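# Breakdown of the fold
For reference, the chains in residue letters:
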Amino acid sequence: MFFLLIYVAIFAGSAFLVTKVLAKGIRDYTSLKTVTFGDESAVRPNRAAGVISIFTIFLMWGIFTGSNLLPSFLHAPGPFLGETSFTYTAQVEGQAPDDAEVTVIVHPRGEPAEVPEVDPGDGFAKNDAVAIAQWRTGLITVDKNDELTKKDGAQVIAINGQKIAPGQTVRTADGSVTLSDKGTPNFEPSKGWQMEPLYLPAPEEVWTRSVQIAKDGFRNFTLLEHLGYSLFRVVVGFVLGAIVGIPLGYAMGLSNWFRGWFDPIVEFMRPVPPLALIPLVIIWAGIGEAGKIILLFLAALWIMAIAARSGVSGVKISKVHAAYSLGASKWQIMRYVIIPNSLPEIFTGARVAMGVCWGTVVAAELVAAEQGAGMMIMTASKFQNTDIVIMGIILIGVIGFGIDMLMRAAERFLVPWKGKG
């Protein structure tokens, strides 16, 4: 929730600064249009907003991971490191309660820590010292050096003077103590607001691992080879889906029989996620390249068919009547009216289908793949190499965004009449 509040605050603040303060005096006639729907020239992306949006994501990434790229005063409170202590109160029937202090050394993960020697003190409860790794918890067997132990009926009844029972928790200055079901204190150092590197490494760690893999490769293949295999599978699957899906969509949009025959099939398969088809694809096509491409083909097929059908159905009948009145044949109607007016919908469907294919390639490469960005992500996740997982996600996103930009440029070049009525 705190993360979201910071993001909303940056969004609102930057919007006010850019649109109200910096842009003061700049006349935007586009915003004066009363009708914006369907007119692409009415609403265009604010480039400053896009730059600030990306910057904000990386800024918050660095803030909540303690990145060295940011000054320390911008870091969110991190996990506790150092020495802390708490006092426990033990009680044995027939004896007065006795207090003892536990010294806790919280050290960075992966680094050894020396446990200091402490004066055991007086009474049957003795002082203890333990070492616990950052972001971890530790059960503290406080009675191991006590004169009276659990076998003698000793039990912990308070932490820092606050009563405690099994299952309850008491906050301390630098963490919390929870009493286990068997009465053993479990100390958890304060984690702060930063993310543990296991879950979200800092940006520079992801960059360092990316450079390393680009140089040395990953599992006997270079980074470019992994990305090339994924791109090849996606493009082939998408092209095959478009080759079959677009004519199918045209047929469904122009023929009642085709519409009645294929509409139940298309509408049934459209909501089925490609992940659900993996077992069937393996049975039918095996675990080779054919199975992966078939899965991507099915991911694109139904989207392209629906986009083409929608494009044909959306052609204004007045344009068809006008063409007929000028003596156009059915082929000319198809060539000069149906296809040009349906292309905007087809390009929109193509962009959606390509995005779905990129999302599906990770699942497709689950099936005995030796190369591919999806294979990198899944293999790295098994060994908890989160930096490689994030690297793969970023690369897939960047390549997918680049392909989408190319498709937008192709749409502007091939369909310049889109949005112009």
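A brief structural summary. (Residues numbered from 1 in each chain as written. Predicted model: local features only at pLDDT ≥ 70, side-chain atom pairs only at ≥ 80, totals over all residues. Heavy atoms only, no water.)

It is worth spelling out empty space enclosed by the protein at this point. Scanning all chains against the criterion turns up 1 cavity of 30 Å³ or more. Roughly 50 Å³ of volume is contained in the largest cavity. Ile278, Val281, Ile282, Gly286, Gly291, Lys292, Leu295, Ala364 and Val367 together form the lining of the largest cavity. Residue assignment for the lining of the largest cavity shows that the elements contributing at least two residues are helix H6 (278–285) and helix H7 (289–313). Each residue belonging to the lining of the largest cavity can be placed in one class, and the counts come to 6 nonpolar, 2 polar and 1 charged. (1 Å grid on protein atoms, 1.4 Å probe; cavity = no way out; pocket = protein on both sides within 12 Å on 5 of 7 lines; lining within 4 Å. Points joined across faces, edges and corners; volume = space filled by probe spheres on them. Helix = DSSP H or I, 4+ residues; strand = E, 2+ residues; numbered from the N terminus. Nonpolar A, V, L, I, M, F, W, Y, C, P; charged D, E, K, R; others polar.)

So, about the pairing of strand E8 (residues 175–179). The buried fraction of E8 is high, at 4 of 5 residues. Alignment of strand E7 (residues 169–172) against E8, held across 4 bridges, turns out to be antiparallel. Pairing of Thr169 across the sheet is with Thr178, part of E8. In terms of strand pairing, E8 meets strand E9 (residues 185–189) through 5 bridges, oriented antiparallel. For Ser176, the partnering residue across the bridge sits in E9 and is Glu188. The loop that links E8 with its antiparallel partner E9 comprises 5 residues; one of these, Gly183, has a positive phi angle of about 85°. (Buried < 20%, exposed > 50% of the residue type's maximum accessible area, 1.4 Å probe, protein only. Pairing = 2+ DSSP bridges.)

Applying the stated criterion to the full structure yields 5 aromatic pairs. A centroid spacing of 6.5 Å and a plane angle of 80° characterise the contact between Phe221 and Tyr229, whose relative ring orientation is edge-to-face. For the ring pair Trp257 and Trp261, a centre distance of 5.8 Å and an interplane angle of 35° mean the geometry is tilted. Remark: Trp261 and Trp257 occur in helix H5 (residues 256–269); sequence separation between them is 4 residues, near one turn of the helix. The pair formed by Trp257 and Trp261 is uniform in burial state, with each residue classed as exposed. Directly above the ring of Tyr336 sits Arg335, whose terminal nitrogen or CZ lies 4.8 Å from the centroid. (Phe/Tyr/Trp six-rings, centres within 6.5 Å; stacked < 30°, edge-to-face > 60°. Lys NZ or Arg CZ within 6 Å of the ring centre and 35° of its normal.)

Once that is clear, we can look at the packing of H5 against H7. Angle between the axes and distance between the axes: these two values describe a pair of packed helices. Across the interface, H5 lies against H7 with an axial gap of 10 Å and an inter-helix angle of 130°. Taken together, the axes of H5 and H7 lie oblique to each other. Relative to H7, the crossing made by H5 is left-handed. Seen from H5, the contacting residues are Arg259, Asp263, Ile265, Val266, Glu267 and Met269; seen from H7, they are Trp302, Ile306, Arg309 and Ser313. Its residues placed into classes, the contact of H5 with H7 shows 5 nonpolar, 1 polar and 4 charged. (Axes fitted to C-alpha atoms, helices over the stretch in contact; angles between N-to-C directions. Parallel < 35°, antiparallel > 145°, perpendicular 65-115°, else oblique. Left-handed = near helix turned anticlockwise from the far one by under 90°. Contact = heavy atoms within 4.5 Å.)

Remember that the coordinates give geometry; whether it matters functionally is a separate question.
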